Amino acid sequence: MNAAVEDDAHVNTDVDVIVVGAGPTGLMLGAELALGGVRVQILERRTEAQRHSRALTLHPRSVELMDQRGLVERFLAHGRAVPGWHFAGLDTRLDFSALDTRHGYTLFLAQARTEQLLAERAHALGVPIRRGYEVVGLRQDDGSGSDSGSDAGRVEVDVRGPGAELRTVRARYVVGCDGGRSAVRRAVGIEFPGTDETLTGALGDFAVVDPAALDRARAHGVLIAPLEPEGERTDGSPAEGRPGGLTRIVLVDPRRMRTPAAEPLTLEEFRTSLADICGTDCGVAQPRWLSRFGNATRLAARYRAGRVLLAGDAAHIHFPAAGQGLNTGLQDAMNLGWKLAAEINGWAPPGLLDSYHAERHPIGQAVTENTEVQTLLMELTLLPPYQRPAAALRKLLTDLLGIEEVNRRLAGRISALDTAYPPTAADADPLAGRRMPDVALTAAGSTAGRAHELLPPGRFVLLDLAGDEQLRRSVTTGWGPRVTALTVTRHEHRTDLDGVREILIRPDGHIAWATRTPALPARRIERHRALTDWAGRPTRR
């Protein structure tokens, strides 16, 4: 059986977590929850895995997440690294290769392949993916508040199965990863404020194109992307048409950009749009997929309502400017997974699960805002009254992106490598909340050669850079199942690590706590407080 397909005949009626939606966000979250020892089940409305790929890229931070879980080689084997990216289609590219990461590139990888690889990961961790189950109702009982560690509450979910039969399944928590029209979000009454669609673009995946015409299309602002490697389809079947496989063409036609996204797109219309824009229809033929997409932009007012949470497109939708949507969803899942597992396993410190909204909602807001900016920059050039000043504005911004610091700042934002969560303590070290740099290191008792190789188990990692002979004994006694404690004997030099004695890395690769306190007794007191604040109360033995 294909790893991306699950026997749908049996749905578990009582689990810890129901994840609704088997897209990239839901699959990533299911795997993260399973890694945390949670009984999780994924329900998906569609009966088969998606064949078409709306998203095509994994940005640097998402590639880092795969690295932190030991999965990166699988993804790299199917993708193509692209060191430069774009903001609003400006001529000066964002230079991801200059960023502080081992993965300074966008990985060009079709969403269908990403989903396949994540489904394989979920299956390997024992996560059932039940297809053909549509959520039609949801209820929380009186114990469903934000009480930490309580077993009183449950969520009941009414689902319609493959044979149209209705049944009720129960869980301690439900996470809606079911897209912009999320049934979970609507059922729980979370508001989804924002703006309606005012502009649409068109995309087509073609088995046949005229390669000689593609450069002319690019010169007129049409996006051209080879979708698949030679001789291979994203679903594993042989490619059709020309030897290079499918070619994606994406455009915004000024004469048709107000057409509703729900209106079907025809091959003839696509050809006409290409000819109107660049003087040639690029010889497109044998379309495998034609679709419109719009700029409706919305952000959930809350990412949590009692025992129901949202992630991915269920929490935020926007125009696909700079390819951030799928990536933001994966990062939502990585942030939520270990926190929800901690809550279910009973060791979460107060407020940990609520920190999911506190940390990720501002990220969703930042993404929706920058995509609106990019969309406006593109749209103005298509409107005759604004074309001249818009062209001048785009030239100005293109020039500004030629400034190294400006380029690096915007590249950090689009790549999500600059994501830093607010520190929880007033006296927190400057490292707190930032990504843990993937420094080369040697640690006693570990074969890892760099920091991210310590993270695949999904536990906290405490690194002692100063040497404390009691470290492992004290941490193992109090937090053994949750925290891996290691004494670092060597690490590469970085100025931001100067003076740092200890670092506590969260399961999602962000730094929970760091200290530069030189006195060992005081450092031990700080460490105990930090571990309790982040990994819960110590186990008494």
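What comes next is a walk through the structure. None of the values given here were measured: they were computed from a predicted structure.

Rules and cut-offs
- Residues numbered from 1 in each chain as written.
- Predicted model: local features only at pLDDT ≥ 70, side-chain atom pairs only at ≥ 80, totals over all residues.
- Heavy atoms only, no water.
- Buried < 20%, exposed > 50% of the residue type's maximum accessible area, 1.4 Å probe, protein only.
- Helix = DSSP H or I, 4+ residues; strand = E, 2+ residues; numbered from the N terminus.
- Pairing = 2+ DSSP bridges.
- Contact = heavy atoms within 4.5 Å.
- Axes fitted to C-alpha atoms, helices over the stretch in contact; angles between N-to-C directions.
- Parallel < 35°, antiparallel > 145°, perpendicular 65-115°, else oblique.
- Left-handed = near helix turned anticlockwise from the far one by under 90°.
- Salt bridge = Lys/Arg side-chain N within 4 Å of Asp/Glu carboxyl O.

By the alternation rule, side chains of strand β24 (residues 502-505) split into E502 and L504 and I503 and I505, which are all buried. Relative to β24, strand β22 (residues 460-464) runs antiparallel, the two being bridged by 4 bridges. Note that in β24 the partner of L462 across the bridge is L504. Both β24 and strand β25 (residues 511-515) contribute to a ladder of 4 bridges, which runs antiparallel. The partner of I503 across the bridge, within β25, is A514.

This part covers the side chain of R494. In this fold, R494 is placed in the loop between β23 (483-491) and β24. Setting aside residues no more than four positions away along its own chain, R494 makes contact with D100, P437 and V439.

Running from N to C, helix α2 (residues 60-68) and helix α8 (residues 325-345) cross one another at 40 degrees; their axes reach a closest spacing of 9 Å. The pairing of α2 with α8 is recorded here as oblique in orientation. Where α2 crosses over α8, the two elements pack in a sense that is left-handed. Here R61, S62, L65, M66 and Q68 of α2 lie close against α8, whose contacting residues are N327, L330, Q331 and M334.

Before going further, it helps to examine the sheet that holds strand β3 (residues 57-58). Taken in spatial order, the 3 strands make up an open sheet running β3-β7-β4, and their pairing is antiparallel. Of all strands in the sheet, those bounded by a partner on one side alone are β3 and β4 (80-82).

This brings us to the pattern of salt bridges. In the structure shown here, the tally under the stated rule is 39 salt bridges. In this structure, E64 engages R435 in a salt bridge whose closest nitrogen and oxygen atoms are separated by 2.7 Å. Placement of the pair is E64 in helix α2 and R435 in the loop between α11 (404-415) and β21 (441-443), with a sequence separation of 371 residues. A single burial state applies to E64 and to R435, both of which are buried. Between E379 and R258 there is a salt bridge; the shortest N-O distance is 2.8 Å.

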